[in-house]
There are 2 protein chains.
Amino acid sequence: MKQVVNSNKIAQIGIVVHDIERTSQAYADFFGMEKPDVVWTDGFDKAETEYREEPTDARARLVYFNMGSVQLELIQPNGEQSIWQEFLDNHGEGVQHIGLATDKIDERVRDMDKEGIPLLQKGKYAGDKYAYVDTNEELKVIFELLENKN
Amino acid sequence: MKQVVNSNKIAQIGIVVHDIERTSQAYADFFGMEKPDVVWTDGFDKAETEYREEPTDARARLVYFNMGSVQLELIQPNGEQSIWQEFLDNHGEGVQHIGLATDKIDERVRDMDKEGIPLLQKGKYAGDKYAYVDTNEELKVIFELLENKN
């Protein structure tokens, strides 16, 4: 495998949960922070979510906590087929991905595919592209590429 | 649960693996970084490792990658009873903990215990104290308190 990302900046840790209201309240209590609002990802019309190369109606409820320079993301999937639901079904709740701030996501995804790291899911969130790639076998966790506008 | 930490600075992500040579090489290749040396944690005489309130001969091989402001730690336990081995046996390879930079670790551990968050494992690494606390049920991942000398 050759170098396929141009960033080693960990921007996010993503944790899949069953009950985002309960777990986000626990985080807020533990860290003495305000409980942020829960936001829904968009439906297919806006998010254009594709899971394992098929369009999906998967959506998720999200909560973000700022933890130093890293964002902690809680994710409660809606039950439709997605990489989030797959993790919950196979592993239960826990850390599902590490997010990397990068650019030119489509190009990175093509380069990774050539190196044997297939795309798992892609879509848009608040207008920005994201892509989950299958680093699980090699790196023991799924990495998410996040569009970095900086 | 009331606030029991004085830091929300994520300093580390810990990933338990079966074969640290192989996985650290994969990280080095993927990110285009040098493969760091593997280091062993100390034996009981120096590390004073306690797992679930009992002294243990558990040791681990470690590799650290600097990823922006966060340290990525790969951990290959030596098979003795430890929180690392427990994770590997129950979940397989993956993200086992999130590390928080904090201070006064003994005091934090006592405060957490009062709030129903028991200590899982403690010890010393390179002279600094660390403590894993059982946040798994509430926060869906184990947090590690790391002594912050800054």
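Not measured: the values here are computed from a predicted model.

This part is about the overall build of chain A. Looking only at helices and strands, chain A has five helices and ten strands in total. Computed over the C-alpha atoms, the radius of gyration of chain A is 15 Å, within 12% of the 15 Å expected from 2.2 N^0.38 for a compact globule of 150 residues. Here the C-alpha coordinates of chain A stretch approximately 45 × 30 × 30 Å along the principal axes. The proportion of buried residues among the 150 residues of chain A is 51%. Considering only residue pairs separated by 6 or more positions, chain A has 61% of its internal contacts joining residues 24 or more positions apart. For chain A, the exposed area adds up to about 7100 Å²; of that, 39% sits on carbon and sulfur atoms. Charge-centre separation for chain A: the mean point of 17 positive side chains lies 5 Å from the mean point of 29 negative side chains.

Our focus in this paragraph is the relation of the copies chain A and chain B. Overlaying chain A on chain B yields an RMSD of 0.0 Å, the required transformation being a rotation through 180° with an accompanying axial translation of 0.0 Å. What the superposition gives is, in effect, a two-fold axis relating one chain to the other. Within chain A, Val95 of chain A has its C-alpha nearest the rotation axis, a separation of 3.1 Å. Comparing interface residues between copies, 100% of those in chain A also lie at the interface in chain B; the contact surface is shared.

In this section: helix α3 (residues 83–91) of chain B. All names here are of chain B. Along α3, the residues that are buried comprise Ile83, Trp84, Gln85, Phe87 and Leu88. Where α3 begins, the side chain of Ser82 points an oxygen toward the backbone nitrogen of Trp84, at a separation of 3.3 Å. Directly beyond the C-terminal end of α3, a positive phi value near 80° is found at Gly92.

To continue, consider the interface of chain A and chain B. Facing 39 residues of chain A, the contacting portion of chain B comprises 39 residues. Regarding the contact of chain A and chain B, the summed buried area is about 3200 Å², with carbon and sulfur atoms giving 71% of it. Counting the surface chain A buries against chain B, the share from its top three residues, Asn8, Phe30 and Lys140 of chain A, is 23%. Taken together, chain A and chain B are joined by two salt bridges. For the interface between chain A and chain B, the tally reads seven residue pairs in polar contact (both at pLDDT 80 or more).

Here the focus is the UniProt feature "domain: VOC" (unreviewed entry) in chain A. The positions that UniProt labels "domain: VOC" (unreviewed entry) are, in the present scheme, residues 9–148 of chain A. In residues 9–148 of chain A, the share of helix is 28% and the share of strand is 41%. The end C-alpha atoms are 10 Å apart.

Now for the sheet that holds strand β5 (residues 60–67) of chain B. Residue and element names in this part refer to chain B. Reading across from one edge, β2-β5-β6-β1-β7-β10-β9-β8-β3-β4 is the order of the ten strands in this open sheet, with mixed pairing throughout. Because the sheet does not close on itself, it has two edges, and the strands there are β2 (39–40) and β4 (54–55). Pairing analysis gives two bridges linking strand β3 (residues 50–51) to strand β8 (residues 119–125), with the strands arranged antiparallel. Bridge pairing in β8 places Glu50 opposite Lys122.

Thresholds applied
Residues numbered from 1 in each chain as written. Chains lettered and ligands numbered in written order. Predicted model: local features only at pLDDT ≥ 70, side-chain atom pairs only at ≥ 80, totals over all residues. Heavy atoms only, no water. Helix = DSSP H or I, 4+ residues; strand = E, 2+ residues; numbered from the N terminus. Rg over C-alpha atoms; globule rule 2.2 N^0.38 Å. Buried < 20%, exposed > 50% of the residue type's maximum accessible area, 1.4 Å probe, protein only. Contact = heavy atoms within 4.5 Å. Areas by Shrake-Rupley, 256 points an atom, 1.4 Å probe, with all protein chains shown as cover. Lys, Arg positive; Asp, Glu negative; His and termini not counted. Charge placed at Lys NZ, Arg CZ, Asp CG, Glu CD. Least-squares fit on C-alpha atoms with pLDDT ≥ 70 in both. Polar contact = N/O pair within 3.5 Å; in protein donor to acceptor, adjacent residues only side chain to side chain. Buried area = accessible area lost by both parts, 1.4 Å probe. Salt bridge = Lys/Arg side-chain N within 4 Å of Asp/Glu carboxyl O. UniProt positions renumbered as here; feature names shortened; annotations may be inferred. Pairing = 2+ DSSP bridges.

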